[in-house]
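# Descriptive analysis of the structure
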Amino acid sequence: MSSSETPAEEGGVEVEDVVRFDAAGDGSSLVAHVRGEIDTLTAPLLRTELDTRLPEAPLVVLDLSGVTFLGSAGLAVLVAAKDQVERSGHTLRLVCGSRIVTRALEATGLLGLFDVADGVPDALRPTA
């Protein structure tokens, strides 16, 4: 992405505006519902939250269905999250949920790196 990547709104952004976490089932999985624009303003907030929560569960699902923009800073956070989860021996699954997210991952050649599910219930199903 280019330096023209800017947030839609200037001003303070709260973590709750970017991501909400839910423990699923018996605590063996964590679902992060990411929403809004994941750009140079919000990506650091998302990264900080993910860094503290990712080691908690063997299965982490990033639900990106509420994402309205995914810039290069957001893509970098996804790759870093995947690396962190794999170093822990855990699994990361993405729920793209929209053409916006899928297109950003496809355009950068990153889609094939991720385990992608059709929805959160699908992502939470055990793999055979």
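Residues numbered from 1 in each chain as written. Predicted model: local features only at pLDDT ≥ 70, side-chain atom pairs only at ≥ 80, totals over all residues. Heavy atoms only, no water.

### Digging into the pairing of strand 4 (residues 91–95)
For clarity, the threshold we go by: Here's how the labels work: a residue is buried when its accessible area is under 20% of the maximum for its type, exposed when over 50%, partly exposed in between, all with a 1.4 Å probe on protein chains only. Think of it this way: any DSSP run of H or I at least four residues long counts as a helix, any run of E at least two long counts as a strand, and we number them from the N terminus. Strand pairing is assigned whenever DSSP detects at least two bridges linking the two strands. Seen with its strands pointing away from the viewer, a crossover is right-handed if its path from the first strand over the helix to the second goes clockwise.
Burial analysis of strand 4 places 4 of its 5 residues in the buried class, the great majority of the element. Bridge analysis of strand 3 (residues 59–70) against strand 4 gives 5 bridges, and the strand direction is parallel. The partner of Leu62 across the bridge, within strand 4, is Leu94. Since strand 3 and strand 4 lie parallel, the crossover through helix 3 (residues 72–87) that links them has a hand, and here it is right-handed. Bridge count for strand 4 against strand 5 (residues 115–117) is 3 bridges, and the pairing is parallel. Of the residues in strand 5, the one forming a bridge with Val95 is Ala117. One crossover worth recording links strand 4 to the parallel strand 5 by way of helix 4 (residues 99–107), and it is right-handed.

### Things to note about the nonpolar core
One broad trend across soluble globular proteins is that nonpolar side chains are buried collectively. Going by this rule: For our purposes a nonpolar core is just a set of buried Ala, Val, Leu, Ile, Met, Phe, Trp, Tyr and Cys residues, chained together by side-chain atoms within 4.5 Å. Contacts are residue-level and defined by heavy atoms, with any inter-residue pair within 4.5 Å sufficient.
Counting 30 residues, the largest nonpolar core has Leu50, Leu62 and Leu105 as the members making the most contacts within it. Looking at this core, the elements with two or more residues in it are strand 1 (19–24), strand 2 (29–38), helix 2 (43–53), strand 3, helix 3, strand 4 and helix 4. Residues within four places of Leu62 in sequence aside, it is in contact with Ala32, Leu50, Leu78, Leu92, Arg93, Leu94 and Val95. One finds Val61, Val95, Ala117 and Ala123 within the second-largest nonpolar core, a separate group that totals 7 residues.

### Let's talk about the confidence of the model for the protein
Our working rule: Residue-level confidence of the predictor is summarised by pLDDT, bounded by 0 at the bottom and 100 at the top.
Residue-level pLDDT values for the protein average 85, and 84% of them are 70 or greater. Mean pLDDT values over the elements of the protein span from 72, in helix 1 (residues 15–18), up to 96, in helix 4.

### A word on the pairing of strand 3
Inspection of the sheet shows strand 2 paired to strand 3 by 9 bridges, in the parallel sense. Note that in strand 3 the partner of Ile38 across the bridge is Leu70. A crossover links strand 2 with its parallel partner strand 3, the connecting element being helix 2, and its sense is right-handed.

### A word on the environment of Ser65
Condition: Between N or O atoms, a polar contact is any pair within 3.5 Å; within protein, one atom must be a potential hydrogen donor and the other a potential acceptor, and residues adjacent in sequence are included only when both atoms are from side chains.
Residue position: Ser65 is located in strand 3. Taking the relative accessible area as the measure of exposure, Ser65 reaches 38% and is therefore partly exposed. Note: C-alpha distance between Ser65 and Ile100 (35 residues apart in sequence) is 9.2 Å. Apart from residues no more than four positions distant in its own chain, Ser65 is found in contact with Val95, Cys96 and Gly97. At a separation of 2.6 Å, a polar atom in the side chain of Ser65 contacts the side chain of Asp63.

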